[in-house]
Amino acid sequence: MAPPWVAGRWLQGGLAEKTLTNGTAVVLFWTSLEPTGFVGLSRLEGMREKFAPQGVTFVGVRVWEHPQEEWEPVRKKAGLVVEMPLMADALDNRRKGILAATWLEPAQINAVPVAFVLHQGRIAWIGHPLGLRERTLLKLLDGTYPWEQAVAQYASQFNQAEDFEKLWKLLQAAGENNNWKQAHEILNRMSGLLPPEDRVGLGAVKFQIYTTEGRMKEAMALAAELAEQYPEEPHLLNLLAWELATNDDFEKPDYDLILKIAEQANAAAYGRDAHILDTYARALFLKGRKEDALRAQAQAVKLAPENVRSKFEDVLRYYQRGELPPPED
């Protein structure tokens, strides 16, 4: 069961406790000190827009910061627009975050953002917000969620963590020595420790090793395969699309494949990630859809954090002149 809910200081909106114990809810823990927290908030806002009409509740909890820390200036600087209720964790009499201590610490979580999915007050899923899939919510809503399998899978992460970390160090050493044969062997061993749905990162590493080796045909084939396997993994898809669109070693780029993967990435991010929109705009331009590229890049500018907005504006100017911007822009 989920730990007790203690409301802190609401940064925007509000939420009754019973909405977390009745029905299905997603609780995102984040900190404004970590930029990926904004990415997680933005993606879950897109998910909220889709699932709120079906009765799913979304709430964000800022942790590891003082409750009175200002939010609005940080939100504006990040270019973040979300409507879900947001709360700052309350402090106990020892000046320690209450929800951080009762939710994150028992789950051995020492990094955020992290999302908890609840159903009827019971924890169904824990993980990075970019790893939350629509099918998880759909199965909870229709009563087909595999509870026992989910519990076993979560427990296995801790049982295999030490072996996985050792193999990861071996993989890094193989890469530093350009021993790609050994690297592929280690990747295969690492894959055996994970269920297919958790091999996303390993797929990205394998793709990058192929491109480093100059095995571009295998890299392109793997990109197509990964896009089919992981249609809801926005950052994996964005990595694949960007590399296919910008790496000159792909002598005959498949613009249809690039656009397909970029479209998947943008859909998986609910059209709310500036970096993914930037990739999508490039894929559209390469395909000859210049007006669509302009619109996508303009949206990227609109959503970009303040510190990188000028970069996206520079790219937009290239498209306005009918030119393909260099990748470094």
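It should be emphasised that the depicted structure is a prediction, and the values quoted were computed from it without experimental measurement.

Novice: Hey, could you run me through the packing of aromatic side chains in this one?
Specialist: The geometry of an aromatic ring pair is captured by the separation of the ring centres together with the interplanar angle, meaning the angle of the planes. Summed over all chains, the structure comprises eight aromatic pairs. With a centroid separation of 6.4 Å and 35 degrees between ring planes, the pair formed by F38 and W71 is classed as tilted. Here W71 lies in the loop between strand 3 (57–62) and helix 3 (72–78) and F38 lies in helix 2 (residues 36–51), a separation of 33 residues in the sequence. Taken individually, F38 and W71 each receive the classification buried, so the pair is uniform in this respect. On the numbers, 5.4 Å between centres and 75 degrees between planes, the contact of W103 with F116 is edge-to-face.

Novice: What is the right way to look at the pattern of salt bridges in this model?
Specialist: Opposite charge on two side chains permits them to pair, given that their charged atoms come into close proximity. On inspection of all chains with the given rule, the structure shows 18 salt bridges. The partner of R289 in a salt bridge is E263, with the nearest N and O atoms 3.8 Å apart. Here E263 lies in helix 12 (residues 255–268) and R289 lies in the loop between helix 13 (274–286) and helix 14 (290–303), a separation of 26 residues in the sequence. You can call R289 partly exposed: its relative accessible area is 33%. Overall, E263 belongs to the partly exposed group, its relative accessible area being 33%. One network of salt bridges, with partners in common, ties together E263, R289, D292 and R295.

Novice: What should I look at first to understand helix 9 (residues 200–213) in this one?
Specialist: A turn of α-helix holds 3.6 residues, and therefore any two residues three or four places apart point the same way. Along its 14 residues, helix 9 runs 20 Å from first to last C-alpha, staying within 8% of the 20 Å computed at 1.5 Å per residue. For helix 9, every residue scored as buried is listed here: V200, L202, G203, A204, V205, F207, I209, Y210 and T211. On its buried face, helix 9 sits against helix 7 (161–176), helix 8 (180–191), helix 10 (216–229) and helix 11 (234–246). A positive phi of about 85 degrees marks G214, the residue just after helix 9.

Novice: Quick question: what am I supposed to make of the side chain of E233 here?
Specialist: By the secondary structure assignment, E233 is in the loop between helix 10 and helix 11. By relative accessible area, which is 14% here, E233 ends up buried. Leaving out residues up to four positions away in the same chain, E233 has contacts with L130, R133, V200 and A268.

Novice: I would appreciate a short explanation of the sheet that holds strand 5 (residues 114–119) in the present structure.
Specialist: Within a sheet, neighbouring strands are paired by backbone hydrogen bonds and run either parallel or antiparallel to one another. Pairing is mixed across the open sheet formed by six strands, whose spatial order is 1-4-3-2-5-6. Looking along the sheet, the strands with just one partner apiece sit at the ends: strand 1 (9–12) and strand 6 (122–127). Direction aside, neighbouring strands of the sheet carry axes that sit 25 degrees apart on average. Strand direction decides the pairing type here: strand 2 (residues 24–30) and strand 5, joined by six bridges, are antiparallel. Bridge assignment links F29 to a residue of strand 5, and that residue is V114. Along the sheet, helix 2 makes contact with strand 2, strand 3, strand 4 (86–88) and strand 5, crossing strand 2 at roughly 165 degrees. Those strands touched by helix 5 (residues 134–142) are strand 2, strand 3, strand 5 and strand 6, and its axis lies near 145 degrees from that of strand 2.

Cut-offs used in this document
- Residues numbered from 1 in each chain as written.
- Predicted model: local features only at pLDDT ≥ 70, side-chain atom pairs only at ≥ 80, totals over all residues.
- Heavy atoms only, no water.
- Phe/Tyr/Trp six-rings, centres within 6.5 Å; stacked < 30°, edge-to-face > 60°.
- Helix = DSSP H or I, 4+ residues; strand = E, 2+ residues; numbered from the N terminus.
- Buried < 20%, exposed > 50% of the residue type's maximum accessible area, 1.4 Å probe, protein only.
- Salt bridge = Lys/Arg side-chain N within 4 Å of Asp/Glu carboxyl O.
- Expected span 1.5 Å × (residues − 1).
- Contact = heavy atoms within 4.5 Å.
- Pairing = 2+ DSSP bridges.
- Axes fitted to C-alpha atoms, helices over the stretch in contact; angles between N-to-C directions.

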